[in-house]
Amino acid sequence: MKKILIIALAFAAGVYITPGVSAQSFTSLQYQVGFPTSGLKDHVSKVSWRGATFEFHREVAPSITVGVNLSWSTFYERMDYNSYTSGTATLTGVQYRYDNLFPMMVNAHYTIGTGKIVPYVGLGIGTMYDLRNTDMGTWTVEEKNWHFMMSPEAGLMFDVAPDVSIKLNAKYDYAFKIKDADAFGNLNLNFGFVFNSW
């Protein structure tokens, strides 16, 4: 998975340093709310209110931008006092479950039309680092995994100043099954600002 990330970032870097090309670039900072689905919901079912996204894009053709997307979100849930079994061990108590997700992607956006409000669609490909903890008393079970991931996205950008836009989007991060961990997904809603430069 680390090789995939290196190749993807090298590709993106190649886009940015293309000589003799004057193109618009976009830097975005967003607040992220996450909704667990599929395999992630089996571990933590609560909505994540702690998340952030950094994105940098460069225009490579009319209506098309390519860039990198780095995100972080934390899912947390307190489980009631009960008996829990893992493998051959059974423990009784209160469980605290955490999932820290770190998606790292190269992605592309296609904007539809022009104007004060511009819709767009996008797709990201990369890797996701999943740090998963289950705490119970003085015991903790920790899992660390790298997944190949894909992330379709759709959203709107609203111009609020000559070089500033508000961005609203929804994207679905899907982490594929690997040898040591099942596939899982989460739906993210993002709100933030985009800063344009030449």
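1. Focus on the overall build of the protein chain
Within the protein chain, the regular secondary structure consists of two helices and eight strands. The N-to-C order of helical and strand elements in the protein chain reads α-β-α-β-β-β-β-β-β-β. When burial is assessed residue by residue, the protein chain has 43% of its 198 residues classed as buried. Counting contacts in the protein chain only where the partners sit at least 6 residues apart, residues at least 24 apart contribute 62% of the total. Surface exposure of the protein chain reaches about 10700 Å², of which carbon and sulfur atoms provide 66%.

2. Observations concerning the pairing of strand E8 (residues 184-197)
Here 13 bridges tie strand E1 (residues 25-37) to E8, and the two strands are oriented antiparallel to one another. Each residue of the ladder has a partner; that of Gln-30, found in E8, is Gly-192. Pairing analysis gives twelve bridges linking strand E7 (residues 164-175) to E8, with the strands arranged antiparallel. Paired with Ser-165 across the two strands is Val-194, which belongs to E8.

3. Examining a nonpolar patch on the surface
Together, Leu-29, Phe-54, Leu-70, Leu-168, Phe-191, Phe-193 and Phe-195 give the surface a local cluster of nonpolar side chains, amounting to about 610 Å² of exposed area. The dominant element in the nonpolar patch, judged by the number of residues it contributes, is E8, at three residues. Checked against the element boundaries, Phe-54 lands in strand E2 (residues 50-61). What makes Phe-54 partly exposed here is its relative accessible area of 34%.

4. As for the nonpolar core
With nine residues, the main nonpolar core is built from Leu-40, Val-44, Phe-75, Leu-101, Met-105, Met-128, Met-149, Ala-175 and Phe-184. Discounting residues that sit within four places of it in the chain, Ala-175 has contacts with Met-128, His-147, Phe-148, Met-149, Ala-183 and Phe-184.

5. Observations regarding the environment of Met-157
Within the secondary structure, Met-157 sits in strand E6 (residues 139-161). Taking relative accessible area as the criterion, Met-157 reaches 18% and is therefore assigned buried. Note: C-alpha distance between Met-157 and Val-118 (39 residues apart in sequence) is 5.2 Å. What Met-157 contacts, discounting residues up to four positions off in sequence, is Thr-111, Lys-116, Ile-117, Val-118, Tyr-120, Ile-166, Lys-167 and Val-194.

6. Quick word on the side chain of Asn-107
Relative to the elements of secondary structure, Asn-107 occurs in strand E4 (residues 89-111). At 2.7 Å, the side chain of Asn-107 and the side chain of His-57 are in polar contact. In contact with Asn-107, not counting residues within four places along its chain, are Glu-55, His-57, Thr-65, Val-66, Gly-67, Val-68, Asn-69, Leu-123, Gly-124 and Glu-153.

7. Let's talk about the side chain of Asn-100
Tracing the sequence through the fold places Asn-100 in strand E4. At 2.6 Å, the side chain of Asn-100 and the side chain of Thr-74 are in polar contact. If we ignore the near neighbours within four places in the chain, the residues touching Asn-100 are Trp-72, Ser-73, Thr-74, Tyr-129, Asp-130 and Leu-131.

About the thresholds
For every chain, the first residue of its written sequence is number 1, and the numbers climb from 1 along that sequence. Selection of residues for local features in this predicted model requires a pLDDT of at least 70, selection of side-chain atom pairs for listing and counting requires 80 or more, and totals for whole chains, interfaces and linings are taken over all residues. Working from all heavy atoms in the structure, the side-chain values ignore hydrogens and water. Helix and strand definitions follow DSSP, with helices as H or I runs of at least four residues and strands as E runs of at least two, each counted in order from the N terminus. A 1.4 Å probe rolled over the protein chains alone gives each residue an accessible area, and that area as a share of the maximum for its type sets the label: buried under 20%, exposed over 50%, partly exposed in between. For this analysis, residues touch if any pair of their heavy atoms sits within 4.5 Å. Shrake-Rupley sampling with a 1.4 Å probe provides the accessible areas, and residues are treated as covered by the protein chains on show and by no other component. Pairing between two strands is assigned when DSSP locates at least 2 bridges connecting them. For patch detection, residues must exceed 30% relative accessible area and be free of salt bridges, and they are connected within 9 Å for like charges or within 5 Å for nonpolar side chains (Val, Leu, Ile, Met, Phe, Trp, Tyr). A pairing counts as a salt bridge when a side-chain nitrogen of Lys or Arg comes within 4 Å of a carboxyl oxygen of Asp or Glu. What we call a nonpolar core is a set of buried Ala, Val, Leu, Ile, Met, Phe, Trp, Tyr and Cys residues that are connected through their side-chain atoms within 4.5 Å. Counted as a polar contact is a pair of N or O atoms within 3.5 Å, where, for protein atoms, one must be capable of donating a hydrogen and the other of accepting one, and residues adjacent in sequence contribute only when both atoms are in side chains.

Worth remembering: the numbers are spatial, not functional.
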